[in-house]
Amino acid sequence: MALFKEHLYQMAAYAPPLEGRSVEKHLLLDFNERTLPVSDEVVEALCDFIRSGQLQKYPSYGDIVSELAEYVGVSPEQLMITNGSDQGIDLVVRAAVSKGDRAIIPAPSFAMYRQCAEVEDAEILSPEYDRETGYPTGEVLAEISVDTRLIVVAQPNNPCGTIVSRDDLQMILRAAPDAVVLVDECYYEYSQQTVVDLVDKYPNLVVARTFSKTWGLPSLRFGFLVSQANNIEQLLKIRGPYDINQLSIVAVRAALAAPDYTKDYVREVMEESKPLLESWLDERKITYWPSTANYIWAFFKQPDQLAAYLQEQGILVRPKMDPEGKLGLRVTLGNLEQTRRVIESIEAFYR
Ligand SMILES: Cc1ncc(COP(=O)(O)O)c(C=O)c1O
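Let us look at the structure shown here. (Residues numbered from 1 in each chain as written. Predicted model: local features only at pLDDT ≥ 70, side-chain atom pairs only at ≥ 80, totals over all residues. Heavy atoms only, no water.)

A word on the overall build of the protein. Looking only at helices and strands, one finds twelve helices and 13 strands in the protein. In terms of C-alpha radius of gyration, the protein reaches 20 Å, essentially the compact-globule figure of 20 Å for 351 residues. The C-alpha extent of the protein, read off along each of the three principal axes, is 60 × 55 × 45 Å. Put simply, the protein has 351 residues, and 54% of those count as buried. The long-range share in the protein, meaning contacts at least 24 apart out of those at least 6 apart in sequence, stands at 70%. Of the roughly 16500 Å² of accessible surface on the protein, a fraction of 50% belongs to carbon and sulfur atoms. Each charge class in the protein was averaged separately, 34 positive and 51 negative side chains, and the resulting centres sit 2 Å apart. (Helix = DSSP H or I, 4+ residues; strand = E, 2+ residues; numbered from the N terminus. Rg over C-alpha atoms; globule rule 2.2 N^0.38 Å. Buried < 20%, exposed > 50% of the residue type's maximum accessible area, 1.4 Å probe, protein only. Contact = heavy atoms within 4.5 Å. Areas by Shrake-Rupley, 256 points an atom, 1.4 Å probe, with all protein chains shown as cover. Lys, Arg positive; Asp, Glu negative; His and termini not counted. Charge placed at Lys NZ, Arg CZ, Asp CG, Glu CD.)

Encoded structure:
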């Protein structure tokens, strides 16, 4: 008899290629991170906290939930903080899905949804995204049954960057009142698309957000969930009382106090870098998925060789397979200068 749950032995760990990445040696365009450091205010707040002689004390989160609730526009009872949105995703799946239940997780998508559902031994249904139409709303609706406990909507999806319309999302919410609809708004500040305002209307809606991407704090692991108060109350029973690192709270508070630093970066990425890369791809008739986030999934000729060449030039991008088995490169958008650099390197490869 296996020591742990038997199905775990058939699974692989989720192990993204993190090794060898270096901010000194590389332009990191492979994990959809912010490509510039956080503000001096955030750094100072962290240093001040470390020097204040409090590291030996368990975390106390103060009024961070209220501060975030105000930023998001919900009531504090409708929000809980998590150790990155990965923990939020895990909590939702653990709370909703039992062995044999069905989870609808369209593919390709962010690996954590599937990983967490597999840990719960769920039956996973994965209708495919389409480059023209994006999220497979029709197929998701058709797959809903009495056994469906979870439906994932990555908003926008990673790796493709596509978004689901509010109407489609509400159709799904209405069609599956007994399933949790997890809307992952990890890239919200880039896409500016949110359904947090629908939380009062739909008891089955849970929204996940993070400070990893736009706010540039993935190393500190801070995210949050938004849902109706009764749902948050249940999810809080699973999260540990100290799961969120105190330093992340310090950094988030400092970042929220000076939002322009983040807004200026988002503006440059979305209004300058993104159109630049898109028009460069258009001119060369290189196929890519329409993205509302800080990354573009493009289908270059000789993608493996191009990714290797870029790596030699100190630029990391992420190879990702599309539903037809074609390899694309997901390129994170940095500031204008960084985007020009990656374009010049791609041009040099094909010369
Ligand atoms: C769609 C999506 N959701 C969640 C995450 C995880 O973010 P966090 O660092 O908050 O756990 C990622 C990270 O790549 C992502 O792409």
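The final tally for this structure, using the stated rule, is one cavity of 30 Å³ or more. In this structure, the largest cavity encloses a volume near 60 Å³. The wall of the largest cavity is formed by Val38, Ser39, Val42, Trp215, Ala255, Ala258, Tyr261 and Thr262. (1 Å grid on protein atoms, 1.4 Å probe; cavity = no way out; pocket = protein on both sides within 12 Å on 5 of 7 lines; lining within 4 Å. Points joined across faces, edges and corners; volume = space filled by probe spheres on them.)

Moving on, we get to the layout of surface pockets. Taken as a whole, the largest pocket encloses approximately 1100 Å³ of empty space. As for the largest pocket, its lining consists of 46 residues, of which Phe31, Glu33, Ser212, Lys213 and Pro218 are closest to the centre. Among the elements of the structure, β1 (27-28), α1 (40-51), α3 (84-96), α4 (111-119) and β12 (318-321) are those that each provide at least two residues to the lining of the largest pocket. Across the lining of the largest pocket, the residue classes break down as 25 nonpolar, eleven polar and ten charged. Two domains each put at least three residues into the lining of the largest pocket: domain 1 (6-37 + 260-350) and domain 2 (40-257). (Nonpolar A, V, L, I, M, F, W, Y, C, P; charged D, E, K, R; others polar. Domains from an automatic or database assignment.)

Quick look at α4 now. The set of residues buried in α4 consists of Met112, Tyr113, Gln115, Cys116 and Ala117. In the core, the buried residues of α4 are packed alongside α3, β3 (102-104), β4 (123-125), β5 (148-154) and β6 (180-184). Immediately beyond the C-terminal end of α4, within one or two residues, lies Asp121, with a positive phi of roughly 60 degrees.

Where like charges cluster on the molecular surface, the negative patch consists of Glu128, Asp130, Glu139, Glu143 and Glu324. Note that Glu324 resides in the loop between β12 and β13 (327-332). (Patch = residues over 30% accessible without salt bridge, like charges linked within 9 Å, V, L, I, M, F, W, Y side chains within 5 Å. Salt bridge = Lys/Arg side-chain N within 4 Å of Asp/Glu carboxyl O.)

This next bit is on the site of the ligand. Neighbouring the ligand are 13 residues, the closest being Ser85, Asp184, Thr210, Ser212 and Arg221. Asp184 places a polar side-chain atom, nitrogen or oxygen, 2.5 Å from a nitrogen atom of the ligand. One of the side-chain N or O atoms of Arg221 is found 2.7 Å from an oxygen atom in the ligand. The fraction of the free accessible surface of the ligand (400 Å²) that becomes covered by protein chains is 92%. Of the pockets mapped on this structure, the ligand occupies the largest pocket. Broken down by element, the shell around the ligand gets its largest block of residues, three residues, from α3. Here the residues of the shell around the ligand are counted per class, giving four nonpolar, five polar and four charged. (Near = heavy atom within 4 Å. Polar contact = N/O pair within 3.5 Å; in protein donor to acceptor, adjacent residues only side chain to side chain. Sits in = over half its atoms within 2 Å of the grid points.)

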